[in-house]
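Here is how the chains run, residue by residue.
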Amino acid sequence: MSDHDETQQAGPQGNSSYQRLLDEIRDGVLLPGARLRETELAERLGVSRTPVREAIRQLEADGLVTHVPRHGATLRSLDYAEVMELYEMRAVLEGTAARLAARAASDVELDELSTLNDQLSRIGTGREAARLNTIFHATLLDAAKNRFLAKSMASLTKAMMILGPTMLSDSNRAKAADAEHRRLIEALKARDGAAAETAMRAHIEASQRLRIRSLRDRDRRDDES
């Protein structure tokens, strides 16, 4: 394949590579500090280096990748302050989404939230639970019917990916999240915007506390090793 042909095909392949790398970041396959070597990624993803290079550029534009001297493209690590700031903004944005959804959501959307949470409750933990949780929060955001809020949340969601897998991998957290979701749904069905916002903020803050505890435990293990 000529360089011209490779460039011609980089667009769709680049998008596919970008999405696959996003998935790996979200799932914790690629961890903070991981070096993104074009040759290794191209071989693993089964594509040429050009779409991989394009994907890395997109990740850098998202703020997920940085260039470290003598190491090259590297998945960013978040410090304590950045993690706190991310969760604070998530509480603001998703709290607002809950308040707006209490007013704007259709009955069908509210029923879908209940169905998703019932499925999530049955599964508990694992990759499928993480996927359903993502859909639950996306459905709530759609129900808020505010495009500017959705755009802001999309940017924040990408930054949150650096943290890796959801805290639902903890079985106790999964049970608590189920109860928090149910309180949120009750407020939404009652069309109580203030209660819905309060419930969502409490949900995010509970996840934040566990995340901070997890990060501190990791840092302590690193110091001891």
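If you're wondering where the values come from, they're calculated on a predicted model, not measured in any experiment. (Residues numbered from 1 in each chain as written. Predicted model: local features only at pLDDT ≥ 70, side-chain atom pairs only at ≥ 80, totals over all residues. Heavy atoms only, no water.)

All right, on to the environment of glutamine 119 then. Here glutamine 119 shows up in helix H5 (residues 107–123). For the pair formed by glutamine 119 and asparagine 133, sequence separation is 14 residues and the distance between their alpha carbons is 9.7 Å. (Helix = DSSP H or I, 4+ residues; strand = E, 2+ residues; numbered from the N terminus.)

Here the focus is the packing of H5 against helix H6 (residues 127–144). Contact geometry for H5 and H6: axes closest at 9 Å, N-to-C directions at 165°. When the axis of H5 is compared with that of H6, the two are roughly antiparallel. The handedness of the crossing between H5 and H6 is left-handed. Where H5 approaches H6, its residues Glu109, Glu112, Leu113, Leu116, Asn117, Gln119, Leu120 and Ile123 are matched on the opposing element by Glu128, Ala129, Leu132, Asn133, Ile135, Phe136, Thr139, Leu140, Asp142 and Ala143. Of the residues that constitute the contact of H5 with H6, the class distribution is 10 nonpolar, four polar and four charged. (Axes fitted to C-alpha atoms, helices over the stretch in contact; angles between N-to-C directions. Parallel < 35°, antiparallel > 145°, perpendicular 65-115°, else oblique. Left-handed = near helix turned anticlockwise from the far one by under 90°. Contact = heavy atoms within 4.5 Å. Nonpolar A, V, L, I, M, F, W, Y, C, P; charged D, E, K, R; others polar.)

This part takes up the confidence of the model for the protein chain. Averaged over the protein chain, the pLDDT score is 87; the fraction of residues at 70 or greater is 88%. Low pLDDT (under 50) marks residues 1–12, which in the prediction has nine contacts with non-local residues, meaning those over four places away or in another chain. (pLDDT = per-residue confidence, 0-100.)

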